Amino acid sequence: SSGINAEWPLRPGETAAAEPETVAAEPETAAAEPETAAAEPEPAPETPPKTAEETTGASAQVTTEGTESEVLPDQPANTAADGETVVPEPTGSAEQDVSVESRVPDTSDEIKLTDSDAVLIDSLQTNLSNEFDSPPPPVVEEGLDTIKVTVEKGDGTLQTLNVTIKQELLAKPFVGGWRHKESGKEYHNCFVQTLPKKYFCGETPKHCRETQTVTNKHVRSQTTSDTSTQMTKTGCWVSDRQDKIIVPGKYVTADEKFCYMLRQVIILQSYFRRWKAQRYVNSIRQDHIRRIEWEKKEEERKRKEKERRLKEEYQRRMQPLSKEDFDLVYHALELWRREEIENINATKSGPERKAALAGLMDEETQLIASIQRHKLIAKKDNGKKAKRGFLEKCAAPKEWIGFDGMPTKMDTPYTMRAKDLKMTYDSLEKRYLTREERLDILLQLKLTVKEHDCKLTKDIVELIDREADLLMRGSKEQNLEGLRQRISTLFLQYIKTPLFNAEAANLLKVPEDPSSLRKDIYYCRGCGNYLPSTDFELTTNARSIGRCRKCKNLDSEGRLREDFSRYRSLLRSIRATEESFNDHSRIIFLLTEADLRYLAENIWGAQSVLSQWEDTYDLTLVRWSRRQEWSPWNCVLLTNEEARAHSKLVKPEEAYGPVFTQKIKYRHILGKQYFSSMPKLSDYMSKNLQSVNMPLPSNAEKIMYGGRKKEEKLSLPALAEAQ
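To start, this report covers the structure provided alongside it. (Residues numbered from 1 in each chain as written. Predicted model: local features only at pLDDT ≥ 70, side-chain atom pairs only at ≥ 80, totals over all residues. Heavy atoms only, no water.)

So, a nonpolar patch on the surface
Thought 1: Taken together, the side chains of F258, L262 and I266 present a nonpolar region at the surface, about 310 Å² in accessible area.
Thought 2: Its place among the elements puts I266 in helix 5 (residues 254-318). (Patch = residues over 30% accessible without salt bridge, like charges linked within 9 Å, V, L, I, M, F, W, Y side chains within 5 Å. Areas by Shrake-Rupley, 256 points an atom, 1.4 Å probe, with all protein chains shown as cover. Salt bridge = Lys/Arg side-chain N within 4 Å of Asp/Glu carboxyl O. Helix = DSSP H or I, 4+ residues; strand = E, 2+ residues; numbered from the N terminus.)

Below is the structure:
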């Protein structure tokens, strides 16, 4: 090589058509570092030492002549040590001499590096033995640079070519090198000049998992294996000690093999079918066990529910409080009376029978008197509860559903006034107070009622002064009970007056305008009084007004003594079920307990159509066809369990037999004949409700009023006009 004393010679048969190598221009520094070659081969023939211009300063020279250039073993594609990638433009033959020059061409065959290139070369790390893996210094700027290269052609002429150099911000790794032993120059192995692979990215953005996840496939492959056998022959002897004699077995035909496979398949099928049958039997067994457990739980639940119901009925009979409780007591009294009459008629006759009936009448009279005493006590307790409820409703804050779905409460001046009056009334009703405490309460009450000057407030002030005078005189508590009761009654009347308590106007049943009482007045044939329409109870097939509620209750207590508690609970459950359908069902809300009793007892026989179960508490009336609203001609009487199963049927005519279907349709015809006025009445009520803009209660109103819509006064035309 020309100007390079290499440490390793070229391999035999290897050409030296290599790229220009990078020469470090710091011999002083490189001389102090240990040698980087892994092994020292024989030194090459000596060449004349280079001049100072060739070894120091800001220039470096690399010249390749013919095929005599030396290349490192296992050396990658050459590149500049300072990170520059040289892309030559080859012309002519491969044996041309190439010399790389700087931007300003020189007449000599040398390439002089610029100052910036010299600085980069000077900054290379010289510790080759300790830092083989350290990357070269990064290039600060990225871009394209152009250098001029002088090429000597085959005819001896020179040609100057422009070579584009791409400077990249790519940190190329240090791949080793070698150092001249005599001159101390360092030669670095070049890094690959190939650009990194560019992946194609379409214009359409892709974010699916299939394009973002690399799928790895593991495929097993078996390479061919060559084997050979050796047997004894002329010139070769092989031992047969380890040989085995193989005797062929019985030959199996295709039919025999098929029969054998068939037998094995049959065995497998038998075992599989056995496993499948065992699994099916186990599932049936588990279903049977669960069914038995469910039946036991249902029986226990029904027994507990019946005990609870009987206990409640017994409690209602022993301590009746409401009208329904007294109806139950009178119904039990009627059953006892009928049972005693049947016993007397069966066992006695003549004068003994008359005497027994007279004694029975005396006992019945005593029981009725006892019931009336309980009724007076209950009326007194109910009056106290009504007063308490009235005061709490007046003092309750306004409540509505906010935008966030939560109830919002607000106190108004009227509710705060009602709350103060309620607190005053509660303190007035307290007992076992000292004289000073009672006088303080009376003084507060006097200041409260003195705000208004009227006859009622004057009477209250006069009674307060009278009680205060008696207290100062030391009167006993028993002697003041009547006076205190009068004060409480007058003060409650003061609270119920809308002039003094504005919230009372929303809760009073009596309107403020007396002239409105003259509308919708009807004559009661029982008591002979003229009463408003709200005091009359009408059935769906009624043709006239008849008697008022008070006369009917009195007649029921004296003669009929009917108990509608069972049908009342049944009607309540049917209405709740119809509300869940939310299809504007109307007819069920027009029926009364008496109508439902007639429908259940006279049309359906008070028993389930399927199982003939007679316990009214376990029966319910559900829709026969789910697509139509509930009506007496679209219902069926079933137990609760049967009703749940029936509600899942889409077409009940196909599920049941034709005989059963005809039986149901016949009872539907009977119901439609008896309740023939129901459709007209339903249309009439819906039209009048729409005319007065009275919508159904919403969910917010149900929450606000505890599931019951606030009472609204509605004046409708007379029933004769509706008919």
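That covers the picture; the talk isn't over yet.
Quick look at the packing of helix 6 (residues 323-347) against helix 7 (residues 351-395)
Thought 1: Relative to each other, helix 6 and helix 7 sit at 170°, their axes nearing to 11 Å. When the interaxial angle is binned, helix 6 and helix 7 end up roughly antiparallel.
Thought 2: Considering only residue class, the contact of helix 6 with helix 7 consists of 14 nonpolar, three polar and six charged. (Axes fitted to C-alpha atoms, helices over the stretch in contact; angles between N-to-C directions. Parallel < 35°, antiparallel > 145°, perpendicular 65-115°, else oblique. Nonpolar A, V, L, I, M, F, W, Y, C, P; charged D, E, K, R; others polar.)

A word on the pattern of salt bridges
Thought 1: With the rule as written, the count across this model stands at 37 salt bridges.
Thought 2: For R290, the salt bridge identified is with D287, shortest N-O distance 2.1 Å. Here D287 and R290 lie together in helix 5, a separation of three residues that amounts to about one turn.
Thought 3: By relative accessible area, which is 40% here, D287 ends up partly exposed.
Thought 4: Note that R484 is salt-bridged to E477, the shortest N-O span being 2.6 Å. (Buried < 20%, exposed > 50% of the residue type's maximum accessible area, 1.4 Å probe, protein only.)

Examining helix 14 (residues 593-603)
Thought 1: Buried within helix 14 we find D595, L596, L599, A600 and I603. The buried residues of helix 14 occupy an angular sector of 125° when projected down its axis, which confines them to one face.
Thought 2: Of the surrounding secondary structure, the elements contacted by the buried residues of helix 14 are helix 13 (565-581), strand 12 (619-623), strand 13 (635-639) and helix 17 (658-674). (Arc of directions from axis to C-beta. Contact = heavy atoms within 4.5 Å.)

Here's the deal with the packing of aromatic side chains
Thought 1: All told, the structure shown has eleven aromatic pairs when counted by the stated rule.
Thought 2: With a centroid separation of 5.8 Å and an interplanar angle of 15°, the aromatic rings of F491 and Y494 are classed as stacked. With F491 and Y494 both in helix 11 (residues 481-496) and three residues apart, the pair spans about one turn of that helix. The pair F491 / Y494 is uniform in exposure class, with both members buried.
Thought 3: Every member of this aromatic cluster is reached through a ring pair, and the members are Y425, F491, Y494 and F500. (Phe/Tyr/Trp six-rings, centres within 6.5 Å; stacked < 30°, edge-to-face > 60°.)

Scope: geometric values only; no functional claims are made or implied.
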